[in-house]
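Observations on the model geometry
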Amino acid sequence: MIMDFHGRFGFHRTPFTRELAVDQRFALPFCDEALLGLLRAIEHCACAALCAPAGTGKTALVRALCQQLPEARYRVHYVKVADSSKRDLCREIAVACNIAPVGSYPVLMRRLQERFAAQASTDGTRPVLVLDEAHDLRPEVLDMMRILTNFEMDGKLVLSVILIGQPKLRLMLRRDDQQAMLGRLAHVASLRLLGQDESNGYLAHRCHIAGAVTVPFNPQAKIAIFEMARGNLRATDQLALKALEVAHDNDKATVDANHVVSARAVLQP
C-alpha cells in the first residue's frame, strides 16, 4: 500500500515527514536572516537567542547552524533543557561535554568553565553551547548562563551560549532580573508563520524533494491547508500528508479541499 501511495503521486519517498536533510530545508529570506544573525554572534564569541513559536522551523534552523560551524574551529554542545534546578542543568551540560556529572552546583560550574577554557586555549576550538527549549528554564537557572560565560571577570570571550525557545523566552529575557543576561546577547533572532504564497511554495518544495514532478494539490486544497494550518510548518506537514492519504484512499491522484477537510477531522482529537 505504501508503494501504491508513492506511485500514485510520483513520490520516491514519503513527503512531509520530519526526516529532512539540512540542505533540503525550504529557503526563506527571514530564516536565512535569523541564521546569519546567530552565526555572526558565534563568530564574535558572543551569545544569542532564537525566539519563535512552535512549529516554525527552530529545529531545522539549529541543525543548519550546527552544520555551518566547522568542526575544526568549533565544538558544539547541544542540550535540550527542562524545568530543572541549576545543579540539574549543570549536570546535563556536563554530560554533553563528556564531564562526570557529579558534585555540587559550584563544583560543576567550575568544571564546566575549566573545560570550556581548555577547549579555547589548548584545543584551539571555540565552544558553543546550544540550549534548546530554553523557554522552560526557570529565571534563576537562565541567569546561571551569565555566570557560566564569565571568564576572567568578563575580560575574555570564551563561550557562546545560544538560547532556543518559544516566545515565552523573549518575555523572560525582558524581565528586570534578566537584564544582565539580556545584555550578553549580541542578537535575538525570530521566526514567523508562513504567508499564503510561502505556504504554496513550501508544499511544492516538500513534494519535489520527495520525487514528485507535479504538485498533487489543487488550488483550493492549497488555500484550505493554509487556512487550517495558519502557516505553521508542523501543522502544514501533518495536514498535507494526511490529505494525501485521504485522496489515495479515495482513489484520487489530486488532493482537493474536501480531502483536506477530511484530513483535519481525522487529525483533531
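Below is a summary of the structure that appears in this document. (Residues numbered from 1 in each chain as written. Predicted model: local features only at pLDDT ≥ 70, side-chain atom pairs only at ≥ 80, totals over all residues. Heavy atoms only, no water.)

Let us look at the state of the cysteines. Covalent bonding between the sulfur atoms of two cysteines is what defines a disulfide. Taken as a whole, this structure holds 0 disulfides when the rule is applied. Not part of a disulfide, C66 finds its nearest cysteine sulfur in C97, a span of 13 Å. (Disulfide = S-S within 2.5 Å.)

In this section: the environment of M109. Inspection of the secondary structure puts M109 in helix α5 (residues 105-123). When the C-alpha positions of M109 and C90 are compared, they lie 6.7 Å apart, and in sequence the two are 19 residues distant. Sequence-distant contacts of M109, defined by excluding residues within four places in its chain, comprise C90, M144, I147 and L148. (Helix = DSSP H or I, 4+ residues; strand = E, 2+ residues; numbered from the N terminus. Contact = heavy atoms within 4.5 Å.)

A word on the nonpolar core. A general feature of soluble globular proteins is that nonpolar side chains tend to end up buried together. Ranked by internal contacts, the top residues of the largest apolar core, which has 35 residues, are I93, M145 and L163. Breaking this core down by element, the ones donating at least two residues are β1 (47-51), α4 (86-96), α5, β3 (126-132), α6 (139-142), α7 (144-148), β4 (160-165) and α8 (167-173). Of all the elements, α5 adds the most residues to this core, at 5 residues. When neighbours within four sequence positions are excluded, M145 is seen to be in contact with L89, I93, L129, L131, V161 and M181. (Core = buried A, V, L, I, M, F, W, Y, C linked by side-chain atoms within 4.5 Å. Buried < 20%, exposed > 50% of the residue type's maximum accessible area, 1.4 Å probe, protein only.)

On to the sheet that holds β4, then. One open sheet holds the 5 strands; their spatial order is β2-β3-β4-β1-β5, and the pairing between them is parallel. Looking at strand neighbours, the two that pair on one side only are β2 (74-80) and β5 (185-190), the edges of this open sheet. Put simply, the sheet's adjacent strands are angled 15° from each other on average, direction ignored. In this sheet, β4 lies alongside β3 in parallel orientation, the contact comprising 4 bridges. Across the sheet, L129 pairs through a bridge with V161, a residue of β4. Against the sheet, α5 touches β2 and β3, its axis set at about 165° to β2. (Pairing = 2+ DSSP bridges. Axes fitted to C-alpha atoms, helices over the stretch in contact; angles between N-to-C directions.)

Everything listed is a geometric property; what it means functionally is a separate question.
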